[in-house]
Amino acid sequence: MEPSPGGLTKRDLERLAALSRIELGPEEEEALLGDLKKILEHFRELQELDTSDVPPMAGGSDLVNVFRGDADRENTARAAGTDAFPEKEGGHLKIPPVFE
């Protein structure tokens, strides 16, 4: 089968569908084949760009981790809010049973 202008054939799509274990109807095949051809054409356009002056990157950005490190600290507000709780038992908050 002669490759189409987009580079993919219906036979290629059928093989990809079989490898992916998906079943495609005739209308789905035509739509997906058209979409895949458009995607490949975008990649061909990108390959034509001159990137000789663009430095290579190891990641997506130059951002660094801005989270603080873990550290031990004293919890000074342990009892805050428990005063308003209706029932306590043995230093714990008592709640109504969830399951009977």
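Keep in mind that this is a model prediction, so the values were computed, not measured.

(A) Looking closely at the overall build of the chain. Along its length, the chain carries two helices and two strands. Ordering the α and β elements of the chain from the N terminus gives α-α-β-β. Relative to the globule expectation of 13 Å for 100 residues, the C-alpha radius of gyration of the chain, 31 Å, shows a markedly less compact shape. C-alpha extents for the chain along the principal axes are approximately 80 × 50 × 20 Å. A burial count over the chain gives 8% of its 100 residues as buried. Of all intrachain contacts in the chain linking residues separated by at least 6 positions in sequence, the fraction that spans at least 24 positions is 29%. A total of about 9,900 Å² of accessible surface is found on the chain, and carbon and sulfur atoms cover 54% of it.

(B) The pattern of salt bridges, seen in detail. One pass over the structure, following the stated rule, counts three salt bridges. Glu-41 is the partner of Arg-44 in a salt bridge, and the nearest nitrogen-oxygen pair spans 3.6 Å. Taken together, the residues span about one helical turn, with Arg-44 and Glu-41 both in helix H2 (residues 26–47) at a distance of three residues. For Glu-41, a relative accessible area of 36% translates into the label partly exposed.

(C) Broad picture of unusual backbone geometry. Unusually for a residue other than glycine, Arg-21 sits at a positive phi of about 60°. Secondary-structure assignment places Arg-21 in the loop between helix H1 (10–20) and H2.

(D) Summary view of the environment of Pro-55. Take Pro-55: it is sitting in the loop between H2 and strand E1 (88–89). Sequence-wise, Pro-55 and Arg-11 are 44 residues apart; in three dimensions their C-alpha atoms are separated by 39 Å.

(E) Broad picture of the packing of H1 against H2. At a closest axis distance of 10 Å, the pairing of H1 and H2 adopts a crossing angle of 100°. When the axis of H1 is compared with that of H2, the two are roughly perpendicular. Between H1 and H2, the residues in contact are Lys-10, Leu-13 and Glu-14 and Glu-29, Glu-30, Leu-32, Leu-33 and Leu-36, respectively. Residue composition of the contact of H1 with H2, by class: four nonpolar, no polar and four charged.

(F) Region of the structure containing the confidence of the model for the chain. The predicted model of the chain averages 84 in pLDDT, with 92% of residues at 70 or higher. In the model, residues 1–5 has pLDDT below 50 throughout and makes seven contacts with residues more than four positions away in sequence or in other chains.

(G) Quick look at a nonpolar patch on the surface. Residues Ile-39, Leu-40, Phe-43, Leu-46 and Leu-49 make up a contiguous nonpolar surface patch of roughly 470 Å² in combined accessible area. Inspection of the secondary structure puts Leu-49 in the loop between H2 and E1. Accessibility expressed as a relative area gives 53% for Leu-49, which makes it exposed.

Procedures and definitions
- Residues numbered from 1 in each chain as written.
- Predicted model: local features only at pLDDT ≥ 70, side-chain atom pairs only at ≥ 80, totals over all residues.
- Heavy atoms only, no water.
- Helix = DSSP H or I, 4+ residues; strand = E, 2+ residues; numbered from the N terminus.
- Rg over C-alpha atoms; globule rule 2.2 N^0.38 Å.
- Buried < 20%, exposed > 50% of the residue type's maximum accessible area, 1.4 Å probe, protein only.
- Contact = heavy atoms within 4.5 Å.
- Areas by Shrake-Rupley, 256 points an atom, 1.4 Å probe, with all protein chains shown as cover.
- Salt bridge = Lys/Arg side-chain N within 4 Å of Asp/Glu carboxyl O.
- Axes fitted to C-alpha atoms, helices over the stretch in contact; angles between N-to-C directions.
- Parallel < 35°, antiparallel > 145°, perpendicular 65-115°, else oblique.
- Nonpolar A, V, L, I, M, F, W, Y, C, P; charged D, E, K, R; others polar.
- pLDDT = per-residue confidence, 0-100.
- Patch = residues over 30% accessible without salt bridge, like charges linked within 9 Å, V, L, I, M, F, W, Y side chains within 5 Å.

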